[in-house]
Amino acid sequence: MIMITMNKIENNHRINNENYRHLFVIIESINNELIPASLEMLGEARRQMDHFNLKYKSNEKVIAIHLGHGIKDLSKDLISYGADAVIYADDPQLKYPINKIYTKIISQIVTDPLSLNEISPEYVSIFKKPRYMFFLADSIGRHLSSTVLAELDSGLASDINKLVISDLDIKHQHKTKGESIPYQKVLEMYRPDFSGFLWTTILCLDNKNPEIAKEFHPQACSIIPGAFQPCVKDTKRTGVISQFSPQFNEQDLKIKVLKQELVKNPVQFENYKIIVSFGRGIKEDPEANIKLVEKLAKILDAEIGISLPISKKIFHLSEKYDSIYITPNRVVGTSGRKVTPVIYIAIGISGATQHLDGMKDSDFIIAINPDENSPIKDVCDVFIKGRMEDVIPAIIEELSKRSGQLKEKEIQVNTYGKL
Amino acid sequence: LTLNIAVLVKLEPDFSEGSVSYNPDGTLNRAETKSKLGAHSAIASLAAFYTKVKYGGYISVSSMGPPMAEIALQEAQLICDADELHLYSDRLFASADTLATAEVLQQGIKKMNTGKEMDIVFSGHRASDGETGQTGPQTAWKLGFTFLGNVIDFSMDLNNKVIRAKRLVALPGFYDIVEEIQAPLPVFIAIDPLYKPIFDTISLRLTSSRYLKEAKERAENYKTYLKVLDHKKLDLDPRFVGLPGSPTIVHKVEKIPKARTTRTAELIEGYDREGIKNTITKILQLVQK
């Protein structure tokens, strides 16, 4: 056993930086419609590689990988949105993104030098693996990125919202055995942490320490939907579109999607002119305060949002309030949903950047908060300084005097059907 | 046929008010924050319990973590009436990234229930501190098991060794998809936070209360069910676990710069009725526009 692992390490060591090329972007679509965040990811890939090629005087490509059935025609769009090349696999067995099947096919494509025949013939003889890979941090891409990188035996950072490619001197106990060693073309992957206040930079680095020498490529990440802008569509852009003919394993085809139903998210922020969100400021009496927010939202015909920390079920609530309000689909922010209502009312929310990025484009923003130094103050139009327990009843009282001017609406309960 | 069921759990910071402590800058104060069985791990344990009640089975719960992580195993045992508890604890495992963690977990799963192959492995949706959601699918891949994520409901056909699951696939800003999928065992399920088991027949309720009683007794003596395994007992090469086995490193941690000041707020004191009245007038004007 030890002998085998020794070989594994030596073989790995023999691969060098020349063997990794290009940025591969894993595109997602549903019912032959591209998921918009795929184009955002492609846009960022384009910008990164333009910069890369300029900086390193090279000609590495943005290659979009797209699997599905009846998706061939979307390839042109991917070129228009920034891809240099598209490799697609179009097959009835790929209609649904079944993790096991997609993982194997993506892994085959990105490790097969012949995939590059038409795209970059100069690298076919040396190509081993992608240099970089991007996935989407949604329910499909999050799992797909995990399994593909497990198959490729390399590192993965999740939920990234900023990327920088640079040359770094690294001094690390394990990676470099404590010595300072230069690494080229490192993808710095920035990830906001759960509090929303910290940015962690993740790097995927080869082990250059001889005792544990091992290459780790591609450098890969999953990207938060909404974090980047797509390129402007340019139908004049040209690129190589190449087809990959997948081979399936009989056993894998026993995994079958029986049914897929598109459902609208039960929380439809888009249908409301006003969104009222609450955060940790409800803490003095969480349930009573949620009831206050609920009452205000009813009078204003507003949908209710929450901040990210609230979604972690940090308060003890009755099952009813917990199941209606403490759900991920109410989270406003880059870790949840981006909203742009006419009026956004933030109650007891201090304003982590990831929350602000999700609501700061609202037309008019009101914050209710006892702390005048909260970051939320910098993005709002009206800051009502006070405890929500005092301010909301005052607003409700004043609103009820003008009740003729607003209509009430029932708040919908959020449930998905059982099997 | 008895199902071999595995559950992977994690000891996590307890984010509930009263247990959690934040630094003045809004970051988590890890030293002062208490730890407990993660919320998603608890749901995974519940799914395993339902499977045991409905179909019968032998449950092995495991966790990778420091010695104190055994309290997470105890909590999980109380929920699912676990038949055995495994703690993978070794200084060499510390600070592993998801790939190096998956390496330990998959090797541990192979040693569960005297080395029998598992039929179904449950994990949580993601950890509430790391939040990557990668460890589950990566462990599944290393095991060669079919991975089913975001599972909100499931049923099994034991004769044909097939599972049917309902998954909620959320695509932010686009659609949510409810998918029904069928797969041969073995499978690895990352259970969705929306999962809720229903014990709706008399027989399920009777079995459930019998197992819960047993679970309580077992959890009181959880140490008799507990095995602690280090890298040697797991036959793991130290070069492939922990920091040496992690492709990724945390390079730096910094405060996210404050968002640019985009507006100048009008400040209204909470007791200022006139100010509140004016704000309401503004709201009504904007809404009616």
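Our subject is the structure that appears above.
Below, the structure is looked at part by part.

Conventions adopted
- Residues numbered from 1 in each chain as written.
- Chains lettered and ligands numbered in written order.
- Predicted model: local features only at pLDDT ≥ 70, side-chain atom pairs only at ≥ 80, totals over all residues.
- Heavy atoms only, no water.
- Phe/Tyr/Trp six-rings, centres within 6.5 Å; stacked < 30°, edge-to-face > 60°.
- Lys NZ or Arg CZ within 6 Å of the ring centre and 35° of its normal.
- Pairing = 2+ DSSP bridges.
- Helix = DSSP H or I, 4+ residues; strand = E, 2+ residues; numbered from the N terminus.
- Axes fitted to C-alpha atoms, helices over the stretch in contact; angles between N-to-C directions.
- Contact = heavy atoms within 4.5 Å.
- Parallel < 35°, antiparallel > 145°, perpendicular 65-115°, else oblique.
- Left-handed = near helix turned anticlockwise from the far one by under 90°.
- Expected span 1.5 Å × (residues − 1).
- Buried < 20%, exposed > 50% of the residue type's maximum accessible area, 1.4 Å probe, protein only.
- Salt bridge = Lys/Arg side-chain N within 4 Å of Asp/Glu carboxyl O.
- Nonpolar A, V, L, I, M, F, W, Y, C, P; charged D, E, K, R; others polar.
- Core = buried A, V, L, I, M, F, W, Y, C linked by side-chain atoms within 4.5 Å.

Right, let's get into the packing of aromatic side chains. Tallied over the full model, the rule gives eleven aromatic pairs over all chains. Counting every residue linked through ring pairs, the aromatic cluster contains Phe49(B), Tyr50(B), Phe122(B), Phe154(B), Tyr195(B) and Phe199(B). Of note, Lys162(A) hangs over the ring of Tyr190(A), and the distance from its end group to the ring centre comes to 4.5 Å. Directly above the aromatic system of Tyr183(A) lies the positively charged group of Lys208(A), at a separation of 4.1 Å from the ring centroid.

As a further point, take the sheet that holds strand β8 (residues 162-170) of chain B. Strand pairing within a sheet occurs via backbone hydrogen bonds; the two strands may be parallel or antiparallel. One open sheet holds the ten strands; their spatial order is β13(A)-β9(B)-β8(B)-β7(B)-β10(B)-β6(B)-β1(B)-β4(B)-β5(B)-β11(B), and the pairing between them is mixed. With partners counted over all chains shown, the strands left at the sheet margins are β13 (256-263) of chain A together with β11 (226-229) of chain B, one partner each. Across the sheet, the axes of successive neighbouring strands diverge by a mean angle of 30°, strand direction being ignored. Summarising the sheet, β8(B) and strand β9 (residues 176-184) of chain B pair through nine bridges and their orientation is antiparallel. Each residue of the ladder has a partner; that of Lys166(B), found in β9(B), is Glu180(B). Sheet strands in contact with helix α1 (residues 39-55) of chain B are β1 (3-8), β4 (57-64), β6 (120-123), β7 (146-157) and β10 (187-191) of chain B, and its direction is about 170° off that of β1(B). Those strands touched by helix α2 (residues 70-80) of chain B are β4, β5 (84-88) and β11 of chain B, and its axis lies near 155° from that of β4(B).

This next bit is on the packing of helix α4 (residues 99-111) of chain A against helix α5 (residues 141-152) of chain A. Helices that pack against each other are described as a pair by the angle of their axes relative to one another and the distance between those axes. Residue and element names in this part refer to chain A. At a minimum axis distance of 9 Å, the contact between α4 and α5 shows a crossing angle of 50°. Between α4 and α5, the interaxial angle falls into the category oblique. Considering the relative orientation of α4 and α5, their crossing is right-handed. Judged by residue contacts, Asn99, Tyr102, Thr103, Ile106, Ser107, Val110 and Thr111 of α4 engage His143, Leu144, Thr147, Val148, Glu151 and Leu152 from α5.

Between its first and last C-alpha, α4(A) extends 18 Å over 13 residues, near the 18 Å set by a 1.5 Å rise per residue. In terms of residue burial, α4(A) counts as a mostly covered element, since ten of its 13 residues are buried.

The next point concerns the interface of chain A and chain B. If you look at the interface, chain A gives 116 residues, while chain B gives 96 residues. Between chain A and chain B we count five salt bridges in total. In this structure, Arg273(B) engages Glu397(A) in a salt bridge whose closest nitrogen and oxygen atoms are separated by 3.4 Å. With eight residues, the top contributor of residues to the side of chain A that touches chain B is β13(A). Residues belonging to the side of chain A that touches chain B are distributed by class as follows: 57 nonpolar, 24 polar and 35 charged. Sheet topology places strand β18 (residues 382-385) of chain A next to strand β13 (residues 266-269) of chain B; four bridges connect them, and they run parallel. Bridging across to β13(B), Lys385(A) finds its partner in Glu269(B).

Okay, the nonpolar core next. One finds Ile65(A), Met133(A), Val61(B), Phe122(B), Phe154(B) and Ile163(B) to be the most contacted residues of the largest nonpolar core, which totals 76 residues. In this view, Val61(B) contacts Val7(B), Val9(B), Leu73(B), Ala76(B), Cys80(B), Ala82(B), Glu84(B), Leu85(B), His86(B) and Met112(B); residues no more than four positions away in its chain are not counted. Of all hydrophobic cores here, the second largest spans 49 residues; its members include Val276(A), Ile304(A), Ile283(B) and Val287(B).

If you walk through the whole model with that rule in mind, you get 40 salt bridges over all chains. Between Lys214(A) and Asp153(A) there is a salt bridge, with the nearest N and O atoms lying 2.8 Å from each other. Linking Lys214(A) in the loop between β10 (198-204) and β11 (219-223) with Asp153(A) in the loop between α5 and β7 (156-160), this pair joins segments that are 61 residues apart in sequence. Of the residues examined, Lys214(A) reaches a relative accessible area of 8% and is grouped as buried. Taking the shortest distance from any N to any O, the salt bridge between Glu303(A) and Arg330(A) comes out at 2.9 Å. Here the residue Glu303(A) occupies a position in strand β15 (residues 302-306), and Arg330(A) occupies one in the loop between α7 (319-325) and β16 (343-347), the gap between them amounting to 27 residues. Accessibility assignment for this pair places Glu303(A) and Arg330(A) in one class, buried. Within the structure, one salt-bridge network assembled from shared partners comprises Lys52(B), Asp81(B), Asp83(B), Glu214(B) and Arg218(B).

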